[in-house]
Amino acid sequence: MSGPLIPYIQLPEIPLSFLEHIPLLGQLIDPAKPPSIKPFGALVALGVYIGSVVATRHARERRLDEKKMSEFIFWVVAAGFIGGHVFDALFYHPQRVARDPLYLFALWDGLSSFGGFTGALLGAAAWRYTRREKILPYCEVVNSAFPLAWVFGRAGCASVHDHPGHVSDAWFAVRYPLGDGTIGRYDLGLYECVLTIPLAIAFAVLWRRNPYRPLGFYTGVMCTAYAPVRFGLDFLRERQGTVLGGDPRYGGLTPAQWACIGLLALGLYFLRMAARGEPSSAGVGTLGGASRVADDDDPSEDDGAEDDEAEEPRARRARADR
């Protein structure tokens, strides 16, 4: 057996030492912790930016209001980050919350993917309540671009190796440093990043072929594709207390595995909705795989109606002459 082949790569931080020389701001900087751009934060921010750009373009193609789309993305992303930390704190570090309840407000310290999903859902619901708008068309556009953004987010996890798995000699294990040597270990952030790439490519191709797929299609496919993969990968995770970044268990399953059950049910619900063929935007639907736009102002249809009305009196006169 060849043993682990994947090297343990750590991306460097970009120092921001010039900030120390700015008046007033420099006094707030701790010399023991100089400011820098962290690879995890940079990749996550890049993913959010790229996902937002793609989602806005898709909204334009579906003729959704771009201003409302931007507002929706802001609500979803902001609530997603808040939910991501709160979920992580409550379900992955409950002892720390019990010791220090203010840890719930340390939004920069720890994120959970399913907490982010839950927060995003609550943010979407709050946007709907305040704007009195239907959210499913906007959710579909966001989810059509989400896998691409998720690739960058999980690349950030892979860059800091914060999802360690069991020790392994498999060729796809990562050579984690241990003392003066290395030890093979599964890297779940890396695997999820790699496995999301085909989904991101598939969504891009599907959208290019037909932007007007029924409502629920992208949400349903994303949920049903992600839930089983994440459920299986979490069996490879280390337990909490064995290594830094290990996960706790509830009833033998991680918090994410329990959430996967609900996510799969949600995905099946939306796939059923998509199967009913509800139009993806007002006046736009799908018929035989091709886009169809209803145009009530078609002049050719009006001319035809006028001709029929004019033809009827002529026909009655002809019958009277006979």
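Residues numbered from 1 in each chain as written. Predicted model: local features only at pLDDT ≥ 70, side-chain atom pairs only at ≥ 80, totals over all residues. Heavy atoms only, no water.

With that out of the way, let us pick up unusual backbone geometry. Phi is positive for Arg63, which is not a glycine, with a value near 60°. If you trace the backbone, Arg63 turns up in the loop between α1 (39-61) and α2 (66-92). (Helix = DSSP H or I, 4+ residues; strand = E, 2+ residues; numbered from the N terminus.)

It is worth spelling out the side chain of Glu238 at this point. With respect to the helices, strands and loops of the structure, Glu238 is situated in the loop between α7 (217-233) and α8 (255-275). Glu238 gets classed as buried once you look at its relative accessible area, which sits at 12%. Looking at Glu238, its side chain comes within polar contact range of the side chain of Arg185, at 2.9 Å. (Buried < 20%, exposed > 50% of the residue type's maximum accessible area, 1.4 Å probe, protein only. Polar contact = N/O pair within 3.5 Å; in protein donor to acceptor, adjacent residues only side chain to side chain.)

Right, let's talk about the layout of surface pockets for a bit. One simple way to see leftover space: roll a probe sized like a water molecule over the atoms. In this structure, the second largest pocket occupies an estimated 210 Å³ of space. Taken together, 13 residues make up the lining of the second largest pocket; nearest its centre are Val54, Arg57, His58, Phe203 and Ala204. Elements with a minimum of two residues in the lining of the second largest pocket: α1, α5 (136-160) and α6 (188-209). Among the elements that make up the lining of the second largest pocket, the one with the highest residue count is α6 (five residues). Looking at side-chain class alone, the lining of the second largest pocket contains eight nonpolar, two polar and three charged residues. (1 Å grid on protein atoms, 1.4 Å probe; cavity = no way out; pocket = protein on both sides within 12 Å on 5 of 7 lines; lining within 4 Å. Points joined across faces, edges and corners; volume = space filled by probe spheres on them. Nonpolar A, V, L, I, M, F, W, Y, C, P; charged D, E, K, R; others polar.)

A separate point is α8. Over its 21 residues, α8 extends 31 Å from the first C-alpha to the last, a length consistent with the 30 Å expected when each residue adds 1.5 Å. Taken as a whole, α8 has its buried residues at Pro255, Ala256, Gln257, Cys260, Leu263, Gly267, Phe270, Met273 and Ala274. In this structure, the buried side of α8 is in contact with α2, α4 (113-131), α5 and α7. Where α8 terminates, the next one or two residues include Gly277, which has phi positive at roughly 75°. (Expected span 1.5 Å × (residues − 1). Contact = heavy atoms within 4.5 Å.)

Structurally, Ser113 is set in helix α4. Apart from the residues lying within four places of it in its own chain, the contact partners of Ser113 are Trp150, Arg154, Tyr226 and Arg230.

With that settled, the discussion passes to the sheet that holds strand β5 (residues 174-178). Spatially, the four strands line up as an open sheet ordered β1-β5-β6-β4, and their pairing is mixed. Looking at strand neighbours, the two that pair on one side only are β1 (6-7) and β4 (164-167), the edges of this open sheet. Pairing of β1 with β5, which is carried by two bridges, proceeds in the parallel orientation. Directly across from Pro7, in β5, lies its bridge partner Arg175. Running at roughly 45° to strand β6 (residues 181-187), α6 makes contact with β1, β4, β5 and β6 of the sheet. (Pairing = 2+ DSSP bridges. Axes fitted to C-alpha atoms, helices over the stretch in contact; angles between N-to-C directions.)

Turning next to a nonpolar patch on the surface. There is a patch of nonpolar side chains on the surface, built from Leu90, Phe91, Tyr250, Trp258 and Ile261 and spanning about 470 Å² of accessible area. Those elements that place two or more of their residues in the nonpolar patch are α2 and α8. Structurally, Tyr250 can be placed in the loop between α7 and α8. According to the relative accessible area criterion, Tyr250 is partly exposed, its value standing at 34%. (Patch = residues over 30% accessible without salt bridge, like charges linked within 9 Å, V, L, I, M, F, W, Y side chains within 5 Å. Areas by Shrake-Rupley, 256 points an atom, 1.4 Å probe, with all protein chains shown as cover. Salt bridge = Lys/Arg side-chain N within 4 Å of Asp/Glu carboxyl O.)

We now examine the nonpolar core. In this structure, Met69 and Phe72 are the most contacted members of the largest nonpolar core, which totals 21 residues. Taken together, the elements giving at least two residues each to this core come down to α1, α2, α4, α5 and α8. The element that contributes the greatest number of residues to this core is α5, accounting for six residues. Discounting chain neighbours no more than four positions away, the residues touching Phe72 are Ala124, Trp127, Ile135, Tyr138, Cys139 and Val142. (Core = buried A, V, L, I, M, F, W, Y, C linked by side-chain atoms within 4.5 Å.)

With that settled, consider α1. Quick reminder: α-helices carry 3.6 residues per turn. Residues three or four places apart thus point the same way. In a regular helix each residue adds 1.5 Å, so 23 residues correspond to 33 Å; α1 covers 33 Å between its end C-alpha atoms and thus fits that length. Structurally, α1 contributes buried residues whose contacts are with β3 (36-37), α2, α5 and α6.

Attention now goes to the confidence of the model for the protein. Summarising the model, the protein shows a mean pLDDT of 84, and 83% of its residues fall at 70 or more. Taken together, the stretch residues 282-313 has pLDDT below 50 and engages in 21 contacts with residues farther than four places along the chain or on a different chain. Contacts from residues 315-322, a stretch scored under 50 in pLDDT, to residues over four places away or in other chains number zero contacts. (pLDDT = per-residue confidence, 0-100.)

What follows covers the packing of α2 against α4. Between α2 and α4, the shortest axis-to-axis distance is 6 Å and the interhelical angle comes to 140°. With respect to their mutual orientation, α2 and α4 come out oblique. Between α2 and α4 lies a crossing whose hand is right-handed. Across the interface between the two elements, Lys68, Glu71, Phe72, Trp75, Val76, Ala79, Gly80, Gly83, Gly84 and Phe87 from α2 touch Phe114, Gly115, Gly116, Gly119, Ala120, Gly123, Ala124, Ala126, Trp127, Thr130 and Arg131 from α4. A per-class count over the contact of α2 with α4 returns 10 nonpolar, eight polar and three charged. (Parallel < 35°, antiparallel > 145°, perpendicular 65-115°, else oblique. Left-handed = near helix turned anticlockwise from the far one by under 90°.)

All told, the structure shown has 22 aromatic pairs when counted by the stated rule. With centroids separated by 5.9 Å and ring planes inclined at 45°, the aromatic side chains of Phe114 and Tyr226 adopt a geometry described as tilted. With Phe114 in helix α4 and Tyr226 in helix α7, the pair connects residues that are 112 residues apart, well separated along the chain. Taken as a pair, Phe114 and Tyr226 share a single burial class, namely buried. When the ring of Phe117 is compared with that of Tyr226, the centres are 5.8 Å apart and the planes differ by 85°; the resulting orientation is edge-to-face. With Phe117 in helix α4 and Tyr226 in helix α7, this pair connects stretches of sequence that are 109 residues apart. The buried category is assigned to Tyr226, whose relative accessible area is 11%. Through successive ring pairs, a cluster of aromatic residues spans Phe114, Phe117, Phe146, Trp150 and Tyr226. (Phe/Tyr/Trp six-rings, centres within 6.5 Å; stacked < 30°, edge-to-face > 60°.)

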